[in-house]
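Chain by chain, the residues run as shown.
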Amino acid sequence: MSSTVPDLGDTDQLKAMLEDVASPEQLRALLDAPGVDDEMIDGFVAAVGAEGVLDKVFGLMGEHFVAERAGNDGGVVRWDVTAPGGTLSYGLSIRDGAAIGERGAPAGPKVTLTLSAPTLLRLCAGRLNGVEGFMTGKIKLAGDMMFGAKLPGWFDY
């Protein structure tokens, strides 16, 4: 994983970088590269395609879900992610010891989280604490606040 700032004009390089991300550690390596800020992250998301980035992130969420931490708790989380070009909705269904992410707004979410693409990537990389994100206004939460507060603890960063 490269720790240098990517050339946002080289879409093939950017897509290869995204494809290589398979863990929170690798995502952290990209986010920790010198010069990477919200503007750079938004440029990356715009160049690669927001749906491709979010599909990858929500797929990885399922792989890094730790069922034992959730216990018998579960439900559906709606994520409204502001990305270049608009807001995209994703659902994360937590049940039967698994977390499954999918594109589109889920029906009847227990909680809805609204955040930017850079904030989502930092949260998933373990670079932003969910409570801190909420308290600073980077993450908006609607619905079951207790469920939303427990959610970050259920993933391995």
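These numbers were taken from a predicted model, which means no experiment stands behind them. (Residues numbered from 1 in each chain as written. Predicted model: local features only at pLDDT ≥ 70, side-chain atom pairs only at ≥ 80, totals over all residues. Heavy atoms only, no water.)

S.K.: Looking at this structure, how should I read the overall build of the chain?
M.R.: Looking only at helices and strands, the chain has eight helices and five strands in total. Shown N-terminal to C-terminal, the secondary structure of the chain runs as helices and strands in the order α-α-α-α-α-β-β-β-β-α-α-β-α. The buried share of the chain, taken over its 157 residues, is 42%. Counted over contacts in the chain with a minimum sequence separation of 6, partners at least 24 positions apart contribute 71%. Between the averaged position of the 13 positive side-chain charges in the chain and that of its 22 negative side-chain charges there is a distance of 6 Å. (Helix = DSSP H or I, 4+ residues; strand = E, 2+ residues; numbered from the N terminus. Buried < 20%, exposed > 50% of the residue type's maximum accessible area, 1.4 Å probe, protein only. Contact = heavy atoms within 4.5 Å. Lys, Arg positive; Asp, Glu negative; His and termini not counted. Charge placed at Lys NZ, Arg CZ, Asp CG, Glu CD.)

S.K.: I'm lost on the UniProt feature "domain: SCP2" (unreviewed entry) in the chain in this one. Help?
M.R.: Within this structure's numbering, the places UniProt gives as "domain: SCP2" (unreviewed entry) are residues 74-153. Across residues 74-153, helical content stands at 25% and strand content at 44%; the span's end C-alpha atoms are separated by 13 Å. (UniProt positions renumbered as here; feature names shortened; annotations may be inferred.)

S.K.: Explain the nonpolar core here, please?
M.R.: What tends to happen in soluble globular proteins is that the nonpolar side chains get buried as a cluster. Within the largest apolar cluster, 46 residues are counted, with the highest numbers of intra-cluster contacts made by Met61, Trp79 and Leu120. Every element with two or more residues in this core is listed here: helix H1 (11-20), helix H2 (24-31), helix H3 (38-48), helix H4 (50-63), strand S1 (75-83), strand S2 (86-95), strand S4 (111-116) and helix H6 (117-124). Broken down by element, this core gets its largest block of residues, seven residues, from H4. Apart from residues lying up to four places away in sequence, Trp79 is in contact with Phe58, Met61, Leu88, Ser89, Tyr90, Leu92, Leu113, Leu115, Leu120, Leu123 and Leu151. (Core = buried A, V, L, I, M, F, W, Y, C linked by side-chain atoms within 4.5 Å.)

S.K.: What should I look at first to understand the side chain of Ser93 in this one?
M.R.: For Ser93, the position within the fold is in strand S2. Assessed through its relative accessible area of 13%, Ser93 is described here as buried. Side-chain polar atoms of Ser93 contact the side chain of Arg95, separated by 2.2 Å. Not counting chain neighbours up to four residues away, the residues in contact with Ser93 comprise Gly75, Val76, Ala98, Ala99 and Ile100. (Polar contact = N/O pair within 3.5 Å; in protein donor to acceptor, adjacent residues only side chain to side chain.)

S.K.: Whenever I open this one, the pattern of salt bridges confuses me. Can you help?
M.R.: Inspection of the entire model under this criterion finds eight salt bridges. Of the charged contacts, one joins Arg103 and Glu51 as a salt bridge, the two residues approaching to 3.3 Å between their closest N and O atoms. With Arg103 in strand S3 (residues 98-103) and Glu51 in helix H4, this pair connects stretches of sequence that are 52 residues apart. Here Arg103 falls in the partly exposed class, since its relative accessible area comes to 46%. (Salt bridge = Lys/Arg side-chain N within 4 Å of Asp/Glu carboxyl O.)

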